[in-house]
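A closer look at the structure
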Amino acid sequence: SKPIVAIVGRPNVGKSTLFNRIVGARVAIVEGQPGITRDRLYQEAEWSGRSFMLVDTGGIDFQENDEIVSNVRHQARLAIEEADLVLFVVDARSGLLGSDEEVANILRRTDTPVLLVANKVENFSLEDNPQFLEFYSLGLGEPIPVSAAEGKNTGDLLDQVITLL
Ligand code: GDP
Ligand code: MG
């Protein structure tokens, strides 16, 4: 069976946008408001002749802040259990938030390989992304800058994905 790659992260970091970018179609629903997407979860994706199942997590409705954190945590746990690789998405525009650390705490305790993806980087310079360095403190390796919306550096991300499958 095909390896499973799960996209996890707090709401509004761009998980569904990245999912759409990778599967090459507008399958998941992207919303301006955090936490209100109803995502289709699984889609087959392919890169350099290697196919895998991509999972977009976080497609459950929730309203309260506490529920957002616990839902993100729950989704991350479910994803890790079944995934062969986790793409942990953070938002380089907002910088590091407590809910990112919640997810990171779970991911650091597993043997599942994790790629840390810093999304919303349309321009690859530290001057334009002063918050980028904060993500090193998560202890999950080097953040990979991408713009899911514009498809910037997503090819390099996928190159790294398939070397880990
Ligand atoms: P999710 O909740 O993590 O699935 O996030 P979404 O994919 O629904 O995106 C949340 C918001 O971030 C939407 O308004 C997107 O248009 C925006 N967004 C997603 N990716 C990017 C990106 O690469 N750059 C910028 N500037 N905005 C993005
Ligand atoms: Mg989403």
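Here the structure is a predicted model, which means the values were calculated and not measured.

1. A few points about the overall build of the protein chain
The helix and strand tally for the protein chain stands at four helices and six strands. When the helices and strands of the protein chain are listed from N to C terminus, the series reads β-α-β-β-α-β-α-β-β-α. Here the protein chain holds 165 residues, and 38% of them are scored as buried. Of all intrachain contacts in the protein chain linking residues separated by at least 6 positions in sequence, the fraction that spans at least 24 positions is 70%.

2. Points about the sheet that holds strand β1 (residues 4-8)
Read across the sheet, six strands follow the order β2-β3-β1-β4-β5-β6 without closing on themselves; strand pairing throughout is mixed. In this open sheet, the two strands that pair with only one neighbour each are β2 (42-47) and β6 (144-145). Two elements, β1 and strand β4 (residues 85-91), share four bridges in a ladder whose sense is parallel. Residue pairing across strands places Ile7 opposite Leu87, the latter belonging to β4. Most of the contacts of helix α3 (residues 98-108) go to β4, to which it runs at about 160 degrees, and overall it touches β1, β4 and β5 (114-119).

3. Considering unusual backbone geometry
Even without being a glycine, Asn12 presents a positive backbone phi close to 80 degrees. Not every positive phi belongs to a glycine, and Ser48 is a case in point at roughly 50 degrees. Note that Ser48 resides in the loop between β2 and β3 (50-56). Among the residues examined, Ser48 registers 10 C-beta atoms within 10 Å and is labelled exposed.

4. What about the nonpolar core?
Core analysis: the largest hydrophobic core is formed by 38 residues, its most contacted members being Ile7, Val86, Phe88, Leu116 and Val117. For this core, the element with the most residues is β4, which contributes five residues.

Criteria and cut-off values
Residues numbered from 1 in each chain as written. Chains lettered and ligands numbered in written order. Predicted model: local features only at pLDDT ≥ 70, side-chain atom pairs only at ≥ 80, totals over all residues. Helix = DSSP H or I, 4+ residues; strand = E, 2+ residues; numbered from the N terminus. Buried ≥ 20, exposed ≤ 12 C-beta atoms within 10 Å, placed from the backbone. Contact = placed C-beta atoms within 7 Å. Pairing = 2+ DSSP bridges. Axes fitted to C-alpha atoms, helices over the stretch in contact; angles between N-to-C directions. Core = buried A, V, L, I, M, F, W, Y, C linked by C-beta atoms within 7 Å.

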